[in-house]
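# Topology and contacts: notes
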Amino acid sequence: MSVKVGIPRALLFYEYYPLWKAFFEELGAQVIVSQKTNKEIFNNGIKSAVNEACIPVKIYHGHVLDIKDKVDYLFIPRLKSICKGEYICPKFCGLPEMIKYSINDLPPMIYPEIDFMKDKKNLKEIICEVGKYFTGDSTRILSAYDKAYLNYKAYKESVNKGMIPMDGESIIKETSCSKVKTEDTKKIMIMAHSYNLYDTYMNMSIINKIQSRGVEVLTPEMIDEEYINDYVHKFKGNIYWTFARKLIGTAMYSIDTKNVHGIIYISTFGCGIDSVVGDMVEKHIRKESNIPFVLVTLDEHSGEAGINTRMEAFIDMIKWRDTSENNISANG
Amino acid sequence: MKITFPLMGNMYIALKAVFEELGAEVIIPPKCNKRTLELGTLHSPELICIPFKITLGNYLESIEKGADTLFMWGGSDPCRIGYYNMIQEEILNTLGYDIEMICGEPFKNLKEIKSFLNKLSKVSNTSNYFKLLPAFIKGIKLIYEIDEFDDLVIKTRPREMIKGEVDKLYSKFEEEVNGAKGYKETLNIIRKKKEELKNVLIDKNKQVIRIGIVGEIYTVLEPYINLDIIKKLGNMGVEVHRSVTSSEFIKEQIDFLPFINSNKEEVHRAAEPYLNTEIGGHARHTIGNTVLYSEKDFDGVIHLLPFTCMPEIVAQSILPTIEKEKNIPVLKLILDEMTGEAGYSTRIEAFVDLLQRKKEAYTQ
């Protein structure tokens, strides 16, 4: 029987799953992913994580609980830095420890440290470190990684073209998506960390909600990284968080190219990064443009009606802007 | 030019003396108070941590007093501190204040100390290293002296024979040190007060409870944020040890120099079984020092952190395991602008009570 590796469907799963999955499968392992986030995963996560953690980290705990008894290994990489000169988030740096000390009876964890703060020199070592759990043959490990990387690149390209990775399972197979497109559709940019954006339980299917009203959705993943970097260079100050660079760059791109009719920022309560970035983005958009902006903060209380109302109002306002903005009666 | 900087415990005494040595006019923000925090909170992003809000409040109150140049620490720690100066500058500009921000980076090597000195030269209008370097060294020396003085205060307070004597001496010290100008005067006052402190009558044989304080640097060092926990504990007859102090912090930054020794390695070694990497802020120190306190027979540990503090949340999820494995009680206190003093005091009292009973049971 092949070795089973468990990957929790949370946090950077939505960015890297195609890479990890292909890599492990090339090495003959069976990849087990936790179910899509559901009520049980959500509640268990909240129960087992420390109170003050943010919701995405709590949900991660729930996903670990969901698969820990079904697998031989848990893959929980310590993601410190994925780009030169940038960090992700302190909680990502300490994730293996948070899991280890919050959840009992865990299978062995594979937790390589990914730290490209200075350079990517040790990438090869990391790959071999992970691969040696499955084979002693380092050539095989490296060629497995090469194949996995191609898979990952193909995935990134299709997201870049407008595919929305709604759920992990179909991430790889899915080549088309539920895009709504006619000539005069309105476009809305939905900004968030990928785990807030693509976890449909967490955000109460916000993307679907908007698409079903005939509005096209853009996400930061659909903006070319090069553009994002170009714009961020113009931003005053040193941006050293990868998420911050991506989100601020996206906002600046949208302001400059006027490619969207509205911007929605989905944040979660207790997110240290959003407390800074959400604020910077909002101020910047309001100062530099007249694009309608709304910040939605999600927390442990999933009141869907509130989200629906706000999204409907936001979309109505955008549609209304076109037709009646200049025709308001002065008498009210 | 009138320069100001945010408050972090007694750090202001050294900063003030350094800037005065360099010939700048210094405006010290009013001691942190309710208004400081309210002002800061009003203009800050909603969910940012309390150190940000209170330091912004410090600026606003200093600007009211005439300050036009702000000094702040920067850097690129994974935590939010590195973004402080950028957002605060933006907020102040939006409010219509024409200010200049000078941002010091953490010293990681000689080059950065040099770049810090260059920034100091902006303040003093001199780029002469023979003037800048001595001022810099004097500042560090003062920080050491103040921390030594504070440690003595902490040791004396729970053992004083006449209640309130140390507190009285301390407020006198603050008053006098605020009136002092430059390095020499400041140093003299600290030394004089230290002598006075040594003359305070103490009960040498008193059995006191010992509590170690760990956590994020602002919440440990700024008495207004932590509702004066160190004084409170001292007056309850508890000897407190701060794992985070300005002098230790600076020592850790510059311990690549041959004659500086910090506890960093010891702390990291102690933390190793639980967290063997740097994740930003003081998380690794929180873990390591909690382990060290348990080994040094402290009775308990108090963990101070700002609400939503990212690195400390990681530490917080590890601490219950250390508490169990090392058999040392840990009280966690999360601080923000909503922290109510009554509930906070109750928890501290209950914790001290628990430790006292535990100790009594043990000695019997």
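Residues numbered from 1 in each chain as written. Chains lettered and ligands numbered in written order. Predicted model: local features only at pLDDT ≥ 70, side-chain atom pairs only at ≥ 80, totals over all residues. Heavy atoms only, no water.

In the nomenclature of an unreviewed UniProt entry, chain B corresponds to CoA protein activase from the organism Anaeromicrobium sediminis.

If you check an unreviewed UniProt entry, chain A appears there as DUF2229 domain-containing protein from Anaeromicrobium sediminis.

Two pairing modes exist for strands in a sheet, parallel and antiparallel, and in both the strands are linked by backbone hydrogen bonds. Residue and element names in this part refer to chain B. A sheet is described by the order of its strands in space; here four strands give the open sequence E2-E1-E3-E4, paired in parallel fashion. Every interior strand has two partners, whereas the edge strands, strand E2 (25-26) and strand E4 (100-104), have only one. The pairing of strand E3 (residues 69-73) with E4 spans five bridges and is parallel. The residue of E4 that forms the bridge with Leu70 is Met101. On top of the sheet, helix H3 (residues 50-64) reaches strand E1 (2-4), E3 and E4; it is set at about 160 degrees to E3, its chief contact. The strands touched by helix H5 (residues 110-124) within the sheet are E1, E3 and E4, with E4 carrying the most contacts at an inclination of about 155 degrees. (Pairing = 2+ DSSP bridges. Helix = DSSP H or I, 4+ residues; strand = E, 2+ residues; numbered from the N terminus. Contact = heavy atoms within 4.5 Å. Axes fitted to C-alpha atoms, helices over the stretch in contact; angles between N-to-C directions.)

For the rest of this paragraph, the subject is the packing of aromatic side chains. Inspection of the entire model under this criterion finds 33 aromatic pairs over all chains. Measuring from ring centre to ring centre gives 5.8 Å for Tyr149(A) and Tyr152(A), while their planes differ by 45 degrees; the resulting arrangement is tilted. Residue Tyr149(A) and its partner Tyr152(A) are both found in helix H7 (residues 138-160); the two are separated by three residues, about one turn of the helix. Seen in terms of ring centroids, Phe19(B) and Phe71(B) are 5.5 Å apart; in terms of plane orientation they differ by 70 degrees. Their pairing is edge-to-face. Of this pair, Phe19(B) sits in helix H1 (residues 11-21) while Phe71(B) sits in strand E3, and the two are 52 residues apart along the sequence. For the pair Phe19(B) and Phe71(B), a shared accessibility class is recorded, and that class is buried. A network of ring pairs unites the aromatic residues Tyr16(A), Trp20(A), Phe23(A), Phe24(A), Tyr73(A), Phe75(A), Tyr133(A), Phe134(A), Tyr145(A), Tyr149(A) and Tyr152(A) as a single cluster. Taking NZ or CZ as reference, Arg210(B) lies 4.2 Å from the ring centre of Phe298(B), over its face. (Phe/Tyr/Trp six-rings, centres within 6.5 Å; stacked < 30°, edge-to-face > 60°. Buried < 20%, exposed > 50% of the residue type's maximum accessible area, 1.4 Å probe, protein only. Lys NZ or Arg CZ within 6 Å of the ring centre and 35° of its normal.)

Listed by partner, the interface residues are 35 residues for chain B and 35 residues for chain A. Close ionic contact of Glu52(A) with Lys332(B) constitutes a salt bridge, the shortest N to O distance being 3.8 Å. Applying the counting rule to chain B against chain A returns 11 residue pairs in polar contact (both at pLDDT 80 or more). When residues of the side of chain B that touches chain A are traced back to their parent elements, those giving at least two are helix H4 (81-94), helix H14 (310-325) and strand E8 (330-335) of chain B. (Salt bridge = Lys/Arg side-chain N within 4 Å of Asp/Glu carboxyl O. Polar contact = N/O pair within 3.5 Å; in protein donor to acceptor, adjacent residues only side chain to side chain.)

What follows covers helix H12 (residues 272-288) of chain A. Residues and elements named next belong to chain A. Taking 1.5 Å of rise per residue, 17 residues should cover 24 Å, and H12 covers 25 Å from first to last C-alpha, within 8% of that figure. Counting buried positions along H12 gives 12 out of 17 residues, so the element sits mostly inside the fold. Where H12 is concerned, the buried positions are Gly272, Ile273, Asp274, Ser275, Val276, Val277, Gly278, Asp279, Met280, Val281, His284 and Ile285. (Expected span 1.5 Å × (residues − 1).)

The next subject is the domain arrangement of chain B. Residue and element names in this part refer to chain B. For chain B, the assigned domains are domain 1 (2-136) and domain 2 (208-363). Computed over C-alpha atoms, the centres of domain 1 and domain 2 are 26 Å apart. Tallying the contact residues gives 28 residues for domain 1 and 26 residues for domain 2. Both sides of the domain 1 and domain 2 interface together cover about 2200 Å² of buried area, and 71% of this is carbon and sulfur. Linking domain 1 to domain 2 there are one salt bridge. Across the domain 1-domain 2 interface, the total number found is six residue pairs in polar contact (both at pLDDT 80 or more). (Domains from an automatic or database assignment. Buried area = accessible area lost by both parts, 1.4 Å probe.)

What follows concerns the domain arrangement of chain A. As a measure of interface size, the accessible area lost when the parts come together is often cited. All names here are of chain A. By domain assignment, chain A separates into domain 1 (4-161) and domain 2 (187-321). The centre of domain 1, based on its C-alpha atoms, is set 25 Å off from the matching centre of domain 2. In this complex, domain 1 contributes 25 residues to the contact, which on the side of domain 2 involves 26 residues. In this assembly, domain 1 packs against domain 2 so that about 2200 Å² is buried in total across both faces, 58% of it on carbon and sulfur atoms. Between the two partners, domain 1 and domain 2, sit three salt bridges. In this structure, Arg245 and Glu86 form a salt bridge, with 2.5 Å as the shortest nitrogen-oxygen distance. Between the two partners, domain 1 and domain 2, sit nine residue pairs in polar contact (both at pLDDT 80 or more). Of all the secondary structure elements, the ones that give two or more residues to the side of domain 1 that touches domain 2 are helix H1 (13-26), helix H2 (39-48), helix H3 (55-67), helix H4 (90-93) and H7. Here the side of domain 1 that touches domain 2 gets four residues from one element, more than from any other, and that element is H3.

It is worth spelling out the sheet that holds strand E6 (residues 238-242) of chain B at this point. Residue and element names in this part refer to chain B. One open sheet accounts for four strands, arranged E6-E5-E7-E8; its pairing is parallel. Edge positions in the open sheet fall to E6 and E8, since each of these has one partner strand only. Ignoring which end each strand starts from, the neighbouring axes of this sheet average 25 degrees apart. Relative to strand E7 (residues 300-306), strand E5 (residues 209-215) runs parallel, the two being bridged by five bridges. Its bridge partner being in E7, Val214 is matched across the sheet by His303.

Turning our attention to the packing of helix H10 (residues 225-234) of chain A against helix H11 (residues 242-257) of chain A. Residue and element names in this part refer to chain A. Relative to each other, H10 and H11 sit at 90 degrees, their axes nearing to 8 Å. Accordingly, the angle class assigned to the pair H10 and H11 is roughly perpendicular. Contacts from Glu225, Tyr227, Ile228, Asn229, Tyr231, Val232 and Lys234 in H10 reach Arg245, Lys246, Ile248, Gly249, Thr250, Met252, Tyr253, Asp256 and Thr257 in H11. Of the residues assigned to the contact of H10 with H11, the class counts are seven nonpolar, four polar and five charged. (Parallel < 35°, antiparallel > 145°, perpendicular 65-115°, else oblique. Nonpolar A, V, L, I, M, F, W, Y, C, P; charged D, E, K, R; others polar.)

Glancing now at the pattern of salt bridges. Within this structure, the stated rule accounts for 44 salt bridges over all chains. As a salt-bridge pair, Lys181(B) and Glu20(B) come within 3.7 Å of each other at their nearest N and O atoms. Placement of the pair is Lys181(B) in the loop between helix H7 (165-179) and helix H8 (182-198) and Glu20(B) in helix H1, with a sequence separation of 161 residues. On the basis of relative accessible area, Glu20(B) is assigned to the buried category, the value being 16%. Salt bridges linked by common partners bring Glu15(A), Lys156(A), Glu221(A) and Lys246(A) together as one network.

The next point concerns the UniProt feature "domain: DUF2229" (unreviewed entry) in chain B. Residues given the UniProt feature "domain: DUF2229" (unreviewed entry) here are residues 8-72 of chain B. Between the C-alpha atoms that bound residues 8-72 of chain B the distance is 11 Å, and the span itself is 55% helix and 9% strand. (UniProt positions renumbered as here; feature names shortened; annotations may be inferred.)

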